[in-house]
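Tertiary structure, described
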Amino acid sequence: MSDDTTWLDATAQAALVRSGEVSPSELVDQAIARIEKLNPQLNAVIHPLFARARSAAAGPLPDGPFRGVPLLLKDLGAELAGTPFSEGTAFSGDYHSTVDQELTTRFLAAGFVVCGKTNTPEFGILPTTEPQRFGPSRNPWNTGHSTGGSSGGSAAAVASGMVPVAHANDGGGSIRIPASCCGLVGLKPTRARVSLAPQYGDLMGGLVAEHVVTRTVRDSAAILDAVAGPVPGDPYWAPPRHGASFAAAAASEPKGLRIAVMTASPTGSAVHADCVRATEETAALCESLGHHLEAAALAVDGDAFTEHFINVWAAGNAWTLLDWERRVGRTATEDDVEPLSWSLIEVGRALDSGRYLLSLQELQKITRHIAAYFEGIDVLLTPTLGEPPAPLGTFDSPPGEPLTGLFRAAAYVPFTPPFNVTGQPGISLPLHWNEEGLPIGVQFVARFGAEETLLSLAGQLERAAPWSDRRPPVSG
């Protein structure tokens, strides 16, 4: 192979395989070499699956749209039978998955070759990837800073050039947060756009969505085409897409969108000037492209939202530990998990069923309020985060105060959780870097089921202000 493929996206790498210019084995060998070179600095990949990847690449791969392209799976959610599965916790021990998640099956059917599994915080709780079991993942733009979470290992791997794409999932921002921190495209699809079968119907009352982090909009769109769609028995599913494909939407030119701009935190927390500036400059770019801008008038009771979201989140984590107890066949003790996790789980255990359902009811009321507002606009533009990528250790809790890190996290991520509650699609785009050279993402949100709107706008912005030539200091 004469040309290095490091910074080609998955779509371009797949085209090389189809043309016969490179083989799947060559692509996988290059990815493995990059992982071996960069992972000691970034700690993105915690379970290498190199022998399995080489064997798959040398074999009869499915003739899917991404045949031969290397992929990493986040070690949370996307199970692959026979491989380690730990979700960031020591309690999992040496557990190996016994089934393939439907999403994993669809990745494999698309032709991807799984090269390993990536780091995640324990149970995906925090917006940083610093589990005690595996240690912190490090941001390739500045290794003293967080990758974001909970898909931080995946984001570090893609941003540094280990692989062009990695699996990610999002229960409160966990695709969009690391995309913002690491300078990537991070699309959270509409609720139930991607099935959670066979292990789950939904997760945490519908908060969790599955997809990937990528370097290009076209990859995110084309991969969604490959993995979207319900499975018989799913409790509900997303509306059908409107056009021929998500990829076609990403290549189209949107005209005259009505875009509302919100830079104030919906929960009343402070927003860093870098994040405000990134949003305002993005708004100006959108206006220059012919879109109609207005100030957002989205009023949400921040205290009530936070209370009810935390109730559902805490109950979800109580379920997570119960699910793990069933997997490993023993009851967990306080010593089996991190102090923050245990305290949050205890909050969830203390909720009675009526209080849990009341919180779901209140979040559904908020959803109806937000959905009504979106009837008057096409897209909402916000910062992705309330701050630039945080230094490692920012979310550590002092002894005796285990939930401090979670409260700190709420101020860091005020803009992403509302749209896990509503189920609307949201995308973080890497349109800005601050004076310290750290990425500052901006978030766009569309109506429920309207990924095409987001992908069309994102593709237009990528063409107008391309980011593909930026390289982090730690890279392949």
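A brief structural summary.

The rules behind the values
- Residues numbered from 1 in each chain as written.
- Predicted model: local features only at pLDDT ≥ 70, side-chain atom pairs only at ≥ 80, totals over all residues.
- Heavy atoms only, no water.
- Disulfide = S-S within 2.5 Å.
- Axes fitted to C-alpha atoms, helices over the stretch in contact; angles between N-to-C directions.
- Helix = DSSP H or I, 4+ residues; strand = E, 2+ residues; numbered from the N terminus.
- Parallel < 35°, antiparallel > 145°, perpendicular 65-115°, else oblique.
- Left-handed = near helix turned anticlockwise from the far one by under 90°.
- Contact = heavy atoms within 4.5 Å.
- Nonpolar A, V, L, I, M, F, W, Y, C, P; charged D, E, K, R; others polar.
- Buried < 20%, exposed > 50% of the residue type's maximum accessible area, 1.4 Å probe, protein only.
- Pairing = 2+ DSSP bridges.
- Phe/Tyr/Trp six-rings, centres within 6.5 Å; stacked < 30°, edge-to-face > 60°.

Right, let's get into the state of the cysteines. Applying the stated criterion to the full structure yields zero disulfides. Here Cys286 stays free of any disulfide, with the sulfur of Cys275 as its closest cysteine sulfur at 17 Å.

Let us look at the packing of helix H7 (residues 217–227) against helix H15 (residues 451–464). The N-to-C vectors of H7 and H15 enclose an angle of 155°; their axes lie 9 Å apart at closest approach. Taken as axis vectors, H7 and H15 run roughly antiparallel relative to one another. For the crossing formed where H7 meets H15, the hand is left-handed. Across the interface between the two elements, Val217, Arg218, Ala221 and Leu224 of H7 pack against Glu451, Leu455, Ala458, Gly459 and Glu462 of H15. When grouped by side-chain class, the residues that make up the contact of H7 with H15 number five nonpolar, one polar and three charged.

Let us now look at the pairing of strand S9 (residues 379–383). Among the five residues that make up S9, five are buried, leaving the element largely enclosed by the rest of the structure. In this structure, strand S7 (residues 258–261) lies alongside S9, joined through three bridges in parallel fashion. Bridging across to S9, Ile259 finds its partner in Val379. The pairing of S9 with strand S11 (residues 439–446) spans five bridges and is antiparallel. Within S11, the position partnered with Val379 by the bridge is Ala446.

The subject of this paragraph is the packing of aromatic side chains. To describe a pair of aromatic rings, one takes the distance between the centres and the angle between the planes. All told, the structure shown has eleven aromatic pairs when counted by the stated rule. Aromatic side chains Phe305 and Phe309 sit 5.8 Å apart centroid to centroid with 20° between the ring planes, which places their arrangement in the stacked category. With Phe305 and Phe309 both in helix H10 (residues 302–328) and four residues apart, the pair spans about one turn of that helix. Taking relative accessible area as the criterion, Phe305 reaches 7% and is therefore assigned buried. Geometrically, the ring pair formed by Phe374 and Phe419 is edge-to-face, given 6.5 Å between the ring centres and 75° between the ring planes. Of this pair, Phe374 sits in helix H12 (residues 353–374) while Phe419 is found in helix H14 (residues 418–422), placing the two residues 45 residues apart along the sequence.

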